[in-house]
Amino acid sequence: MRREVVLVSGANGEIGHGLIRHLAEQEQVLVLALDVQPLDRQLRDYCYSCIQGDILDNMLLGRLVVEYEIRTIYHLASILSTKAEYNPETAHRINVEGTLNLLRLAVEQAQWQGKTVKFLYPSSIAAYGLPDLETKMKAGKVKEEQWLQPTTMYGCNKLYCEHLGRYYNNYYRQLAADRASVSIDFRCLRFPGLISAETIPSGGTSDYGPEMLHHAAQNIPYACFVRPDTVLPFMTMPDAIRALIKLEAAPKKSLSQLVYNVTSFSMSAQEIHNVVKKHFPNAEITFQVDTKRQSIVDSWPADVDDLDARKDWGWRPDYDRERAFDEFLIPAIKQRYATQ
Ligand code: SER
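Below is a short write-up of the structure.

Criteria and cut-off values
- Each chain has its residues counted from 1, following the order in which its sequence is written.
- Given that this is a predicted model, residues contribute local features only at a pLDDT of at least 70 and side-chain atom pairs are listed and counted only at 80 or more, while totals for whole chains, interfaces and linings are drawn from all residues.
- No hydrogens and no water enter the side-chain calculation; it runs on all heavy atoms of the structure.
- Helix and strand assignments follow DSSP, with helices taken as H or I runs no shorter than four residues and strands as E runs no shorter than two, numbered in order from the N terminus.
- With the radius of gyration taken over C-alpha atoms, the globule rule is written as 2.2 Å times the number of residues to the power 0.38.
- Each residue is assigned to one of three classes by its accessible area relative to the maximum for its type, calculated with a 1.4 Å probe on protein chains only: buried under 20%, partly exposed between the two thresholds, exposed over 50%.
- Residues count as neighbours in contact if any of their non-hydrogen atoms are within 4.5 Å of one another.
- The convention used is that axes are lines fitted to C-alpha atoms, helices contributing only their stretch in contact, and that angles between N-to-C directions extend from 0 to 180 degrees.
- Just so you know how the angles are binned, under 35 degrees is roughly parallel, over 145 roughly antiparallel, 65 to 115 roughly perpendicular, and the rest oblique.
- Take the far helix as your reference; a near helix turned counterclockwise from it by less than a right angle gives a left-handed crossing, and one turned clockwise gives a right-handed crossing.
- Residues are grouped as follows: Ala, Val, Leu, Ile, Met, Phe, Trp, Tyr, Cys and Pro are nonpolar; Asp, Glu, Lys and Arg are charged; all remaining types, including Gly, are polar.
- Whether two strands pair depends on DSSP finding at least two bridges between them.
- Of the two site types, the cavity is a set of points on a 1 Å grid over the protein atoms alone where a 1.4 Å probe fits but cannot get out, and the pocket is an open set with protein on both sides within 12 Å along at least five of seven lines, each lined by residues with an atom within 4 Å of a point.
- Grid points are joined across faces, edges and corners, and a volume is the space filled by probe spheres set on the points.
- When we say a residue is near a molecule or strand, we mean one of its heavy atoms is within 4 Å of it.
- Two N or O atoms form a polar contact when they lie within 3.5 Å of each other; inside protein one atom must be a possible hydrogen donor and the other a possible acceptor, and for residues adjacent in sequence the pair counts only when both atoms belong to side chains.
- Assignment to a cavity or pocket requires that more than half of a molecule's atoms be within 2 Å of the site's grid points.
- Salt bridge, as applied in this entry: a Lys or Arg side-chain nitrogen positioned within 4 Å of an Asp or Glu carboxyl oxygen.

**Examining the overall build of the protein**
Helix and strand content of the protein: 13 helices and 14 strands. Against the globule reference of 20 Å for 340 residues, the protein gives a C-alpha radius of gyration of 20 Å, in line with a compact fold. Across its three principal axes, the protein shows a C-alpha extent of roughly 65 × 45 × 40 Å. In the protein, which comprises 340 residues, the proportion classed as buried is 55%. Sequence separation of at least 24 residues holds for 77% of the intrachain contacts in the protein that already meet a minimum separation of 6.

This is the structure:
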């Protein structure tokens, strides 16, 4: 008998770490973890099975469906915004072709099983592209359909994959005579910059927030690569996991759209610096602006409108700005480095 599993791609990444533990402990599902790197030892116990492999490897994906009945996919694997600029074509292959492979796998699974397969996809504020800083600061809370002109390969990939999800959800093989009636149930969140207490991001452009915090906690000097007045929306990792789980569980009829903004709090780099200094008074933080990375962040909104997520499926972050730092990030990060 093939076991019913939840597939998590990019399992070893920042979201994967929190999500896998939550799925195994709270949701009692069998997790099939897929990552191009070997899965962290502490995550293995939470997984039913761990596969090391590439989402571009169709043979591998074919073997997975032989062995497992995949009911839900959390497709987290991605090359983030800064890293993607160093090799845009490779990033495109991983971010777009990888997503296409998993969408096709999901649709085939749905047709074999005669049941809808849920496909959860984290998109990003990188899908937005505001033309200049003045527009960004005037734009206020950006809505899902506004300013969709991303300037990075990662942002273009995320936006296009949102469209692919919509296509597979609504129109896949729309002209085929034998078109199946069941398909995928695509659900997508546009995340702000995420801050985890457990892991450090690699290759993103909102990384200065978490990097400032983790460097200070380890007593390592940090040069912030954006101006102090740079504002982005952020969210703690536990809230990001909750958002994914809550969107997955929402009744289909309550969802008025496939792509939802979610956010917790917006902060300037100076304000992050101030909070970090309050808790780690000896932290050495300087500002050394990287103008190219700065212009990427300047094209991302300072805030997003997540009213539809709040209305449709009851989204509400647990951690506002004060609680995020005082009650979660600072104590958890202090504990993380104290026990090393
Ligand atoms: N945090 C991501 C990045 O900086 C944006 O989704 O690339």
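**Some remarks on the packing of helix α8 (residues 208-217) against helix α13 (residues 321-338)**
Relative to each other, α8 and α13 sit at 45°, their axes nearing to 9 Å. Taken together, the axes of α8 and α13 are oblique relative to one another. Considering how the two elements wind past one another, α8 and α13 form a crossing that is right-handed. From α8, L213, H214 and A217 reach across to α13, where they touch F325, L329, I330, I333, R336 and Y337. Along the lines of polarity and charge, the residues of the contact of α8 with α13 split into 7 nonpolar, 1 polar and 1 charged.

**Describing the pairing of strand β4 (residues 68-75)**
With 8 of 8 residues buried, β4 lies mostly within the body of the structure. Where strand β1 (residues 3-9) lies against β4, 7 bridges are found, and the strand directions are parallel. In the sheet register, E4 faces β4, and the bridge partner there is E69.

**Overview of the layout of surface pockets**
Any empty space left between atoms is shown by rolling a water-sized probe over those atoms. Approximately 1100 Å³ is the volume found for the largest pocket. As for the largest pocket, its lining consists of 44 residues, and the residues nearest its centre are G13, E14, L76, S78 and L80. Breaking the lining of the largest pocket down by element, the ones donating at least two residues are α1 (14-25), β2 (31-35), α4 (81-86), β5 (117-124), α7 (153-170) and β8 (193-195). Residue composition of the lining of the largest pocket, grouped by class: 20 nonpolar, 18 polar and 6 charged.

**What about the site of the ligand?**
Around the ligand, the neighbouring residues are L80, S81, S124, Y154, G204, T205, S206 and W300. Contact distances for the ligand include 3.1 Å between an oxygen atom and a side-chain N or O atom of Y154. At 2.9 Å from a nitrogen atom of the ligand is found a side-chain nitrogen or oxygen belonging to S206. Judged by the fraction of its atoms near the pocket grid, the ligand is located in the largest pocket.

**Quick look at the pattern of salt bridges**
A full pass over the atoms with the stated rule returns 21 salt bridges. The partner of D305 in a salt bridge is K143, with the nearest N and O atoms 3.7 Å apart. One end of the pair, D305, is in the loop between β14 (303-304) and α12 (307-313); the other, K143, is in the loop between β6 (141-142) and α7, with 162 residues separating them in the sequence. Judged by its relative accessible area of 15%, D305 is buried. What makes K143 partly exposed here is its relative accessible area of 26%. In this structure, E162 engages R190 in a salt bridge whose closest nitrogen and oxygen atoms are separated by 2.8 Å. Of this pair, E162 sits in helix α7 while R190 sits in strand β7 (residues 184-191), and the two are 28 residues apart along the sequence. The pair formed by E162 and R190 is uniform in burial state, with each residue classed as buried. Among the charged side chains, a salt-bridge network with shared partners connects R2, E69 and K115.

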